[in-house]
Amino acid sequence: MSEGLRNGLYIIPILGVLILVHEIGHFVAARLIGVKVEEFGIGIPPRLVGWRHKGVLWSLNWIPFGGFVKVLGEDTGAGDPESFNAKSPAQRGFFLIAGSLMNFALAFLLMIVIVGVQGVTTSNVYISEVVPDSPAVEAGWEAGDRIVEVAGMPVTSASDVGARTREFAGRPLSVVVERNGALVETTVTPRINPPPGQGATGVGISEPAIAVTTVESVTPDSPASAAGLLPGDRIVAIGPEAISDPIGLQFALLDAAGGAVAVEVQRGENRETVSLAVPSLDADADIFAPLGFTPAIEPIFERVPLGSVIPVGIGQAWGQTTEMVGMIRDLITGQAPLGQIAGPLGMGQATSEIVAASPLPLWVTLAQLTILLSLNLAMLNLLPLPALDGGRLLFVIVEVLRGGKRLAPEREGLVHVAGLILLLGFMAIVLALDALRIYEGRSFLP
């Protein structure tokens, strides 16, 4: 089994845990409000296998896209006191959001564990690409610029940039970037209605963790070998640029392509400077192979005092939650490409690529991926679409607004059946697109 396939298979237990946690939330909520559970299913029917225990049918189903908790009277009248529709709007609303609440709880708990065990990293924020004829071009931004300050506030994450650009849509925004070791003051006017997929300013953003970069290996008879680079050298600077993360290293080398550049390294107790001849490099390929050395990236983690672990973990998880809200908003409004949507096959490909590219310990990478997907599942399920928890919740809200007058459960059930059919059709299209991307050898990650 190839390493890529093995890494991709990590998505199976991750999705299994997320679905199980979500449905446990519904199951527990049903028991708390006195609703009879008829079936607890993983996957979507047709049924593969099932067994009964304490009056509940536990099932595994053929379509591996989710799960469900079937309760008595969900799409019929309220004749039985244990029926779902015999309960108050508040009780039914609690049942419907319980799955998402469990996914939120899992994400926050995992983040607290990461913070407590591993610590926290800080990140740099770079402009990775600039769209032609965009506000970024007018502002003079270039790929490789590090965003230092936005609207007079220091930048610590990509979400800082996104929040300020949305706040200043249609108005001039001051941005300080670092370029070639010097600070450059710029002004950009974010667009109110940007073209789909371009964002308000027309840039792509990279957010690498601050890390120590060392030379892992050197190829004989290569530019790195001729320069005198040695395994174990810590790369401190490339030309005028201090190197504190892998993206900064790549951009500094790309800027030096076609010439010679001074490379400052920490070698044991001493600082050494060597001259590296940099050939022409392709930004879309491995730039280190032509140079003849392999970098080793070790992110710098800062320990968090025990008394601060929980609040810091909650803060980190909340930051990811707000970023996720922004991503979903951008997908709905067309500001983010639909290529970011993936089914289980695409998630497997993304998992494989993320694990291969991440410099973090494997368990941290998988835990962070689980956090991201758990938040994603929680929010998507709350969207007001038929067949989703949010779609059913919408009917409850409308009932409350109408003073308790509700649509007949049978009619509501038909709406959700139609929504489920459309949802399965959409999933089939996503699955086909995922398979086509893998067949053509295209990466999921930008």
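Criteria and thresholds
- Residues numbered from 1 in each chain as written.
- Predicted model: local features only at pLDDT ≥ 70, side-chain atom pairs only at ≥ 80, totals over all residues.
- Heavy atoms only, no water.
- Helix = DSSP H or I, 4+ residues; strand = E, 2+ residues; numbered from the N terminus.
- Buried < 20%, exposed > 50% of the residue type's maximum accessible area, 1.4 Å probe, protein only.
- Areas by Shrake-Rupley, 256 points an atom, 1.4 Å probe, with all protein chains shown as cover.
- Salt bridge = Lys/Arg side-chain N within 4 Å of Asp/Glu carboxyl O.
- Phe/Tyr/Trp six-rings, centres within 6.5 Å; stacked < 30°, edge-to-face > 60°.
- Lys NZ or Arg CZ within 6 Å of the ring centre and 35° of its normal.
- pLDDT = per-residue confidence, 0-100.
- Contact = heavy atoms within 4.5 Å.
- Axes fitted to C-alpha atoms, helices over the stretch in contact; angles between N-to-C directions.
- Nonpolar A, V, L, I, M, F, W, Y, C, P; charged D, E, K, R; others polar.
- Expected span 1.5 Å × (residues − 1).
- Core = buried A, V, L, I, M, F, W, Y, C linked by side-chain atoms within 4.5 Å.
- Parallel < 35°, antiparallel > 145°, perpendicular 65-115°, else oblique.
- Left-handed = near helix turned anticlockwise from the far one by under 90°.
- Pairing = 2+ DSSP bridges.

Asker: Hey, could you run me through the overall build of the protein chain in this one?
Answerer: Within the protein chain, the secondary structure is distributed over 13 helices and 14 strands. Projecting the C-alpha coordinates of the protein chain onto the three principal axes gives extents of approximately 85 × 50 × 50 Å. The buried share among the 446 residues of the protein chain stands at 41%. Split by element, the accessible area of the protein chain, about 22,700 Å² in all, is 62% carbon and sulfur.

Asker: Can you walk me through the pattern of salt bridges in this structure?
Answerer: Pairing is possible between side chains that carry opposite charge, provided their charged atoms lie close to one another. Taken as a whole and judged by the stated rule, the model has ten salt bridges. Taking the shortest distance from any N to any O, the salt bridge between Arg-179 and Glu-142 comes out at 3.7 Å. Of this pair, Arg-179 sits in strand β6 (residues 173–179) while Glu-142 is found in the loop between α4 (135–139) and β4 (146–150), placing the two residues 37 residues apart along the sequence. With a relative accessible area of 41%, Glu-142 lands in the partly exposed category. For Glu-167, the salt bridge identified is with Arg-164, shortest N-O distance 2.9 Å. Of the two residues, Glu-167 and Arg-164 are both situated in helix α5 (residues 158–167); the distance of three residues between them amounts to about one turn of the helix. Here the residues in one salt-bridge network are Glu-142, Asp-145 and Arg-179, joined through shared partners.

Asker: Help me understand the packing of aromatic side chains in this model?
Answerer: How two aromatic rings sit relative to each other is set out by the distance from centre to centre and by the angle between their planes. Tallied over the entire structure, the rule returns six aromatic pairs. For the pair Phe-288 and Phe-293, a centre-to-centre distance of 5.4 Å together with 70° between the ring planes defines the contact as edge-to-face. Residues Phe-288 and Phe-293 agree in their burial class; the two are buried. Here the aromatic residues Phe-27, Phe-40 and Trp-58 are joined through ring pairs into a cluster of three or more. Sitting above the plane of the Phe-168 ring, Arg-171 keeps its charged end 4.5 Å from the centroid.

Asker: Help me understand the confidence of the model for the protein chain, please; the structure alone is not making it clear to me.
Answerer: The predicted coordinates of low-pLDDT regions are not to be read in fine detail. In this model, the protein chain carries a mean pLDDT of 89, and residues with pLDDT of at least 70 account for 97%. Per-element confidence in the protein chain ranges from a low mean pLDDT of 83 for helix α1 (residues 3–8) to a high of 96 for helix α3 (residues 89–117).

Asker: Honestly, the environment of Ala-260 in this entry has me stumped. Any pointers?
Answerer: Among the structural elements, Ala-260 can be located in strand β12 (residues 259–267). For the pair formed by Ala-260 and Leu-445, sequence separation is 185 residues and the distance between their alpha carbons is 32 Å. For Ala-260, the residues in contact, after removing those within four places along its chain, are Ser-275, Leu-276 and Ala-277.

Asker: Any chance you could explain the packing of helix α10 (residues 344–357) against helix α13 (residues 409–439) here in plain terms?
Answerer: What describes two packed helices is the angle between their axes and the distance between those same axes. At a minimum axis distance of 7 Å, the contact between α10 and α13 shows a crossing angle of 35°. Residues Leu-345, Gly-346 and Gln-349 of α10 pack against Leu-431, Asp-434, Ala-435, Arg-437 and Ile-438 of α13. The class makeup of the residues in the contact of α10 with α13 is four nonpolar, two polar and two charged.

Asker: In this structure, what is going on with helix α9 (residues 309–333)? I would like to understand it.
Answerer: Because each turn of an α-helix spans 3.6 residues, side chains separated by three or four positions end up pointing in the same direction. Across its 25 residues, α9 extends 36 Å between first and last C-alpha, which sits within 8% of the 36 Å expected from 1.5 Å per residue. Along α9, the residues that are buried comprise Val-309, Gly-313, Ala-317, Thr-321, Met-324, Gly-326 and Ile-328.

Asker: Where do I start with the environment of Asp-434 in this structure?
Answerer: Tracing the backbone shows Asp-434 in helix α13. Taking the C-alpha atoms as reference points, Asp-434 and Ile-127, separated by 307 residues in sequence, lie 28 Å from one another. Once residues within four sequence positions are removed from consideration, Asp-434 is found in contact with Ile-341, Ala-342, Gly-343, Leu-345 and Gly-346.

Asker: Help me understand α13 in this model?
Answerer: Its 31 residues place the ends of α13 44 Å apart at the C-alpha level, agreeing with the 45 Å of an ideal helix rising 1.5 Å per residue. Looking at α13, one finds that the buried residues are Pro-409, Glu-412, Gly-413, His-416, Gly-419, Met-427, Val-430, Asp-434 and Arg-437. Its buried side turned inward, α13 meets β2 (56–71), α10 and α12 (389–401). At the exit of α13 stands Gly-441, carrying a positive phi of roughly 75°.

Asker: I'm lost on the nonpolar core in this one. Help?
Answerer: One broad rule of soluble globular proteins: the nonpolar side chains tend to lie buried together. Formed by 22 residues in total, the largest nonpolar core has its most connected members in Ile-235, Ile-238, Leu-253, Val-263, Leu-276 and Phe-293. Counting residues per element, the ones that place at least two in this core are α6 (223–227), β10 (234–238), α7 (246–255), β12, β13 (270–278) and α8 (288–291). Sequence-distant contacts of Leu-276, defined by excluding residues within four places in its chain, comprise Pro-223, Ala-224, Ala-227, Leu-253, Gly-259, Ala-260, Val-261, Val-263 and Leu-291. Counting residues in each nonpolar core, the second largest holds 20 residues, with Val-304, Ala-317, Ile-328 and Ala-367 among its members.

Asker: Help me out: how do you make sense of the packing of α12 against α13 in this one?
Answerer: Interhelical geometry of α12 versus α13 gives an angle of 155° and a closest axis separation of 11 Å. As far as their axial angle goes, α13 and α12 are roughly antiparallel. Where α12 crosses over α13, the handedness of that crossing is right-handed. Residues Gly-391, Arg-392 and Phe-395 of α12 pack against Glu-412, Val-415 and His-416 of α13. Taken together, the residues that form the contact of α12 with α13 break down as two nonpolar, two polar and two charged.

Asker: Can you help me understand the pairing of β10 in this one?
Answerer: Regular strands place their side chains on alternate faces of the sheet. Summarising burial for β10: four of the five residues are buried, a large majority. Where β10 and β12 come together, four bridges link them in antiparallel fashion. If you follow Arg-234 over to β12, its bridge partner there is Gln-266. Across two bridges, β10 lies against strand β11 (residues 241–242) in antiparallel orientation. Counted as the bridge partner of Ala-237 is Ala-242 from β11. The turn linking β10 back onto β11 is made up of two residues, and Gly-239 within it adopts a positive phi angle of 60°.

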